[in-house]
Amino acid sequence: MQLDVNGKRLEVSATDDTPLLWVLRDHLGLTGTKFGCGMALCGACTVHIDGEASRACVTPISTLAGKKIVTIEGVSVTKQGKALQDAWVNLDVPQCGYCQAGQIMSAAALLDDNPKPSDADIDGAMAGNLCRCGTYTRIRAAIKQAAGSLEKKP
Amino acid sequence: MSSLLREVPDNLRLDRRQFLGGLGGLVLVASVSSVVKAQDAPKYGAEGMPHGTVDDPLTFVAIGEDGIVTVIVHRSEMGQGVRSGIPLVIADELEADWSRVRVSQAPGDEPKYGNQNTDGSRSLRHFFDPMRRCGAAARSMLEAAAAATWKVPVDSVRAVNHEVVHAASGRKLGFGALAKAAAKLPVPARDTLKLKDPKQFRYIGKEGQHLLDGPDIAHGRATYGIDVRLDGMLYAVVARSPVLGGKVVKFDASEALKIPGVVKVVEIPGTPNPAGFQPLNGVAVIARDTWTAIKARQALKIDWNDGEHGSYDSVAYRTELEQAVRKPGTVLRQVGDVDAAMTKAARKVEAEYYLPHIAHATMEPPNATARIVNGLCEVWAPSQAPQGLREDVAKRLGLPVEKVTVHVTMLGGGFGRKSKGDFGLEAAVLSQQMNGQAVKVVWTREDDLHHDFFHTVSVERLQAGIDANGKTTAWIHSSAAPTIMSIFAPDQKHQAPFEQGMGLINVPFQVPNLRMENPEAVAHTRIGWFRSVSNVPHAFAVQCFVSELAAAAGRDHRDFLLDLIGPARRIDPTTLNDNWNHGESPVRYPYDTGRLRRVIETATREASWGRKLPKGRGLGLAAQYSFVSYTAAVVEVEVGAKGELTIPRVDIAFDCGPVVYPDRVRSQLEGAVIMGVSLAMSGEITFEKGRAQQDNFHTYPLTRITEAPREIRVHLLPATDWTMPLGGVGEPGLPVIAPALCNAIFAAMGKRIRQLPVGNQLTA
């Protein structure tokens, strides 16, 4: 089947039940999307499917015909993605960095819906993304910084 | 996460000496005296680690004709920031411009790079000085090249911000233009190097240098072990023995092999216990992608023989440990006459604390990729100990060590798990089974939680006597916990010196009568280093117990703790029976109670200790010396009517001596606070029938953003004296958090938490 990933139509030969995560990683070589749990519990595999933050580890590719998939490798074309990546670098958010692609993808979907999120909004959007290194306070700060920068230059 | 490769042989040698002691006669005399002689000149710090340090600039620094400075980092990056920290040190001494510095990762090769075992909070502690010398040597080579080009005396030129300047003539040459000529010059002798005056530091100890890996991480370009891709690579998952030492009796792979995309099913042989870091016995499915391998593994039918640990049960084991600490154990340290003091005490206090096994749960689960081409085995792994993995792979495959290369990737978290090479060995064994074809083995989260080298489980029993004036006159601490040494040697039932020296025996309290004991505890699962290791249970028990004593004596907790510690003084750790001292010299690194007092005073001052709080809120305090650094934290909690807990704020004060990279020190402490909250609130692995019962993050929950402290305020104690030796950073933030949190719960609601995790104890 064909998948629309980061604006490109790509031919995929995996079985229908294969989760998008493994197709991205093993078949398409897009390894920015991470494996963490396989049960939608940690958010490391977060991508956008038609603009919604989704867990690629539990999304079989059979459900993705005609849908637009965006991964960490493609999110900088959106102004939210770019602003968040800049803020992440500027505030040195990552420690090991493994979960950060998923964090940024969840945050980008949040800012797309809600350009000025409150702490409670951030909690709501980011509660599904685990960080074992414990970067949450910086993640919160970076989302606010990105939101602020987007407000200045919409 | 301690000095693994050193501890093992030392401990085994000690056992052998004790064994020889039984033989008596001249053999005894000869062997003991030779050992004693060896111990008379112990090696400390980096020199006590295998392969010590290397400070050759040609090994660590490369400068291109474009002026780009590439620093080869030989320590593993797992979030502590070492891939920026070491370049920052070199760049400063080199006078390089940070925007033109890049990083490259060294493979496992300790003879070339020095020790690479990235645990024990040692990277900058041991390599700050050698890396400074590397930068200074490279700088002086560039200066010499410029002076030769201009035919001027070398002391008339100076490197400044990526170029060498001849002030008298105003001539300048960039590092790129000088690199080729400089590389041909001899490396200056160590004793001729001119290190910078710390006043001239431009990056060391300063703010503003961003992580070199930051942009790659934020764009999904950083390569972790799990991201390695090789031509023709196959993917494997392994069904491992659910019980330590269990064996495959037989297996039927016929259904698995029917699944399209499955290439091969093979058994990975086990190793008799104690198996060190060797893989567990298991059955591997090799397939064309990870998902196919995962599916096919479910179709395997395997009969296991559980072996001797098949009845390991956490509930029963806790009872065993409780019984053990209530009986006399091996005495590790004794001062005065504790029993007499207890008899005379006006008031006796006792408490038992229980801390369960916990799992590292690195966000990137264990994984590795290997291939064997023309007799050369290459392994790509997120390894904290690539030289150890290299040696183990060589031995396991029967290759000379020179024929094994371990490429170190980024680590998606380490915390001690990835210093064990079992996952890398699995990849090498499977590639060998596939005639050298590249194979990536990936652990699922279930595999990770079932087959960790778990943090130990312990019962800590504390007893104290208080006199009529509220002074503590007697202190007894008995600690029972299976030891990490159980994975290396048979019949290891006592905590090793490095475990005792993590807050059990080396308590600096000025109590006239003390006794520390360690009864036996048998390991029934693989015990491993987990960030801060035995400091976690020991600090939890001691720091919670001090709060209990203060309450019993009717004293303020901070004042009571400071009184126990007594005045500022420098204690030789060997006088506390701690001959380990995190591997550091007792002279260079005495136990400085003044520094411990200062972090306590700082944390409590910054947290406005003693401030009036509304009902349901409380402040809790804890302090700990670990990894030759000093930490104190004040946690503020709010407990709602239904027992729901929130943490508005944590103040953590830290003294690690000179601070090389302040932002990364802060981030390590922020992370330690959150990991500490996680292990305190929900961290628990339990066993039934020898099997770990937790499968994934629904049964082994980690702290989420919603539960994390709202505010973490890190207070770094200024250390302007750069002649002071560095302390560790990665680990020492962790041990204080659980006790400070539980002491805060007591302050908020009057309930003592004596077993972790807190779980639903507040609602019950």
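Everything numeric here is computed off the predicted structure, so don't read it as measured data.

Trainee: I keep staring at the overall build of chain B and nothing clicks. Help me out?
Mentor: Per the secondary structure count, chain B includes 21 helices and 28 strands. In summary, chain B has a C-alpha radius of gyration of 27 Å against a globular reference of 27 Å for 764 residues, a match within 12%. Projected onto its principal axes, the C-alpha coordinates of chain B cover approximately 85 × 75 × 70 Å. Across the 764 residues in chain B, those meeting the buried criterion constitute 56%. Counting contacts in chain B only where the partners sit at least 6 residues apart, residues at least 24 apart contribute 80% of the total.

Trainee: What exactly am I supposed to notice about the overall build of chain A here?
Mentor: Counting its regular elements, chain A contains 5 helices and 5 strands. N-terminal to C-terminal, the α/β element order of chain A is β-β-α-β-β-β-α-α-α-α. Taking 15 Å as the expected radius of gyration for a compact globule of 154 residues, we find that chain A reaches 15 Å, a close match to that expectation. Summarising its shape, the C-alpha atoms of chain A cover approximately 45 × 30 × 25 Å along the three principal directions.

Trainee: Help me out: how do you make sense of the interface of chain B and chain A in this one?
Mentor: Interface size is commonly expressed as the accessible surface area that is lost when the partners come together. Of the residues lining the interface, 47 residues belong to chain B; the matching set on chain A comes to 45 residues. Counting residues per element, the ones that place at least two in the side of chain B that touches chain A are helix 8 (214-218), helix 10 (290-298) and helix 20 (662-682) of chain B. Ranked by residue count, the leading element in the side of chain B that touches chain A is helix 20 of chain B, at 7 residues. Among the residues forming the side of chain B that touches chain A, the class breakdown is 22 nonpolar, 15 polar and 10 charged.

Trainee: Teacher, can you tell me more about the nonpolar core here?
Mentor: Most often, soluble globular proteins keep nonpolar side chains buried together rather than apart. Residue and element names in this part refer to chain B. Core analysis: the biggest nonpolar cluster contains 276 residues, and Ala 236, Val 285, Val 379, Ala 633, Ile 737 and Leu 741 have the highest contact counts within it. A per-element tally of this core places helix 6 (residues 123-150) first, with 12 residues. In this structure, Ala 236 is in contact with Ala 284, Val 285, Ile 286, Ala 293, Leu 430, Val 439, Lys 440 and Val 441, ignoring residues within four places of it in sequence.

Trainee: Mind showing me how you'd approach the domain arrangement of chain A here?
Mentor: Residue and element names in this part refer to chain A. Here the domain parsing of chain A yields domain 1 (2-70) and domain 2 (75-152). One C-alpha centre belongs to domain 1, the other to domain 2, and the line joining them spans 20 Å. Listed per partner, the contact involves 15 residues of domain 1 and 12 residues of domain 2. If you list the elements that add at least two residues to the side of domain 1 that touches domain 2, you get strand 3 (46-49) and strand 4 (52-55).

Trainee: Would you mind going over the sheet that holds strand 12 (residues 330-335) of chain B with me for this structure?
Mentor: By definition, the strands of a sheet pair up through backbone hydrogen bonds, in either a parallel or an antiparallel sense. All names here are of chain B. In space, the 5 strands of this open sheet follow the order 12-20-19-18-13, with mixed pairing throughout. Each edge of the sheet is formed by a strand with only one pairing partner; in this case those strands are strand 12 and strand 13 (347-355). Taking each pair of neighbouring strands and ignoring which way they run, the sheet shows an average axis angle of 10 degrees. Here 9 bridges tie strand 13 to strand 18 (residues 458-466), and the two strands are oriented antiparallel to one another. Pairing of Glu 350 across the sheet is with Gln 463, part of strand 18. Along the sheet, helix 17 (residues 535-553) makes contact with strand 13, strand 18 and strand 19 (472-480), crossing strand 13 at roughly 150 degrees.

Trainee: I keep staring at the pairing of strand 19 of chain B and nothing clicks. Help me out?
Mentor: Note on strand geometry: in a regular strand, side chains alternate between the two faces of the sheet. All names here are of chain B. Of all 9 residues making up strand 19, 9 are buried, and the element is well covered by its neighbours. The turn linking strand 18 back onto strand 19 is made up of 5 residues, and Gly 470 within it adopts a positive phi angle of 85 degrees. Pairing of strand 19 with strand 20 (residues 513-518) involves 5 bridges; the strand directions are parallel. Bridge pairing in strand 20 places Ile 476 opposite Arg 515.

Trainee: Sorry, what's going on with the sheet that holds strand 23 (residues 617-626) of chain B here?
Mentor: Residues and elements named next belong to chain B. Overall, mixed pairing links the 4 strands, which are arranged 23-24-25-28 in an open sheet. Taken across any chain shown, the strands that pair with only one partner, and hence form the sheet edges, are strand 23 and strand 28 (711-716). Across this sheet, the average inter-strand angle for adjacent strands is 15 degrees, counted without regard to direction. Examined bridge by bridge, strand 23 and strand 24 (residues 629-639) share 10 bridges and lie antiparallel to one another. Following the sheet pairing, Ser 626 is matched in strand 24 by Ser 629. Along the sheet face, helix 20 touches strand 25 (645-655) and strand 28 and points at about 135 degrees away from the line of strand 28. The sheet contacts of helix 21 (residues 737-749) involve strand 23 and strand 24, and relative to strand 23 the element is tilted by about 155 degrees.

Trainee: Explain the domain arrangement of chain B here, please?
Mentor: Residues and elements named next belong to chain B. We note that the domain assignment places domain 1 (4-41), domain 2 (57-218), domain 3 (225-308 + 366-442) and domain 4 (314-359 + 453-749) within chain B. Each of domain 2 and domain 3 has a C-alpha centre, and the two are 38 Å apart. The interface of domain 2 with domain 3 comprises 13 residues on the first partner and 19 residues on the second. For the side of domain 2 that touches domain 3, the class distribution of residues is 2 nonpolar, 7 polar and 4 charged.

Trainee: What am I meant to see in the pairing of strand 25 of chain B here?
Mentor: Residue and element names in this part refer to chain B. Taking burial as the measure, the 11 residues of strand 25 include 8 buried ones, the bulk of the element. When strand 24 meets strand 25, the two strands line up antiparallel, connected through 9 bridges. If you follow Val 639 over to strand 25, its bridge partner there is Leu 645. Where strand 25 lies against strand 28, 6 bridges are found, and the strand directions are parallel. Bridging across to strand 28, Ala 653 finds its partner in His 715.

Trainee: Explain the packing of helix 3 (residues 100-113) of chain A against helix 5 (residues 136-152) of chain A to me, please; I cannot follow it from the model alone.
Mentor: Helix-helix packing is characterised by the crossing angle of the two axes and by the distance between the axes. All names here are of chain A. Taken N-terminus to C-terminus, the directions of helix 3 and helix 5 make an angle of 40 degrees; their axes are 11 Å apart at the nearest point. With respect to each other, helix 3 and helix 5 are oriented oblique. In the crossing of helix 3 with helix 5, the sense of the turn from one axis to the other is right-handed. Listed contacts from helix 5 to Gln 103, Ala 107 and Leu 111 of helix 3 are Ile 139, Ile 143, Ala 146, Ala 147 and Leu 150. Partitioning the contact of helix 3 with helix 5 into residue classes produces 7 nonpolar, 1 polar and no charged.

Trainee: Is there a simple way to think about the confidence of the model for chain B in this case?
Mentor: Note that predicted coordinates carrying low pLDDT should not be read in detail. Residues and elements named next belong to chain B. In this model, chain B carries an average pLDDT of 94, and 95% of its residues clear a pLDDT of 70 or more. Confidence drops under a pLDDT of 50 for residues 1-39, and excluding neighbours within four residues, the segment shows 42 contacts in the predicted structure. Model confidence for the complex: the whole-complex pTM is 0.95, and ipTM, which rates the interface, is 0.99.

Trainee: Honestly, helix 6 of chain B in this entry has me stumped. Any pointers?
Mentor: Residue pairs three or four apart in sequence face the same way in an α-helix, which turns once every 3.6 residues. Residue and element names in this part refer to chain B. Here helix 6 is 28 residues long and its end C-alpha atoms lie 39 Å apart, about the 40 Å a rise of 1.5 Å per residue gives. In terms of residue burial, helix 6 counts as a mostly covered element, since 21 of its 28 residues are buried. A positive phi of about 55 degrees marks Lys 151, the residue just after helix 6.

Trainee: What am I meant to see in unusual backbone geometry here?
Mentor: Note: most peptide bonds trans; most residues except glycine with negative phi. Residues and elements named next belong to chain B. In this structure, Pro 274 follows Asn 273 across a cis peptide bond, with omega equal to -5 degrees. Turning to its location among the elements, Pro 274 is positioned in the loop between strand 9 (262-268) and strand 10 (282-287). In the segment running from Leu 756 into Pro 757, the intervening peptide bond is cis, with an omega of -5 degrees. As for its position among the elements, Pro 757 is in the segment after helix 21.

Trainee: Explain the packing of helix 3 of chain A against helix 4 (residues 119-126) of chain A to me, please; I cannot follow it from the model alone.
Mentor: All names here are of chain A. The interhelical angle for the contact between helix 3 and helix 4, taken along N-to-C directions, is 130 degrees, at an axis separation of 9 Å. Classified by the interaxial angle, the pair formed by helix 3 and helix 4 is oblique. At the point where helix 3 passes helix 4, the crossing takes the right-handed sense. Between helix 3 and helix 4, the residues in contact are Gln 103, Ser 106, Ala 107 and Leu 110 and Asp 121, Ala 125 and Met 126, respectively. The residue inventory of the contact of helix 3 with helix 4, partitioned by class, reads 4 nonpolar, 2 polar and 1 charged.

Trainee: Even after reading the chapter, I still don't get the environment of Asp 655 of chain B, so can you show me in this structure?
Mentor: All names here are of chain B. Residue placement: Asp 655 occurs in strand 25. Sequence-wise, Asp 655 and Arg 598 are 57 residues apart; in three dimensions their C-alpha atoms are separated by 8.5 Å. When neighbours within four sequence positions are excluded, Asp 655 is seen to be in contact with Arg 595, Arg 598, Val 599, Ser 629, Tyr 630, Leu 717 and Ala 719.

Definitions and limits used
Residues numbered from 1 in each chain as written. Chains lettered and ligands numbered in written order. Predicted model: local features only at pLDDT ≥ 70, side-chain atom pairs only at ≥ 80, totals over all residues. Helix = DSSP H or I, 4+ residues; strand = E, 2+ residues; numbered from the N terminus. Rg over C-alpha atoms; globule rule 2.2 N^0.38 Å. Buried ≥ 20, exposed ≤ 12 C-beta atoms within 10 Å, placed from the backbone. Contact = placed C-beta atoms within 7 Å. Nonpolar A, V, L, I, M, F, W, Y, C, P; charged D, E, K, R; others polar. Core = buried A, V, L, I, M, F, W, Y, C linked by C-beta atoms within 7 Å. Domains from an automatic or database assignment. Pairing = 2+ DSSP bridges. Axes fitted to C-alpha atoms, helices over the stretch in contact; angles between N-to-C directions. Parallel < 35°, antiparallel > 145°, perpendicular 65-115°, else oblique. Left-handed = near helix turned anticlockwise from the far one by under 90°. pLDDT = per-residue confidence, 0-100. Expected span 1.5 Å × (residues − 1).

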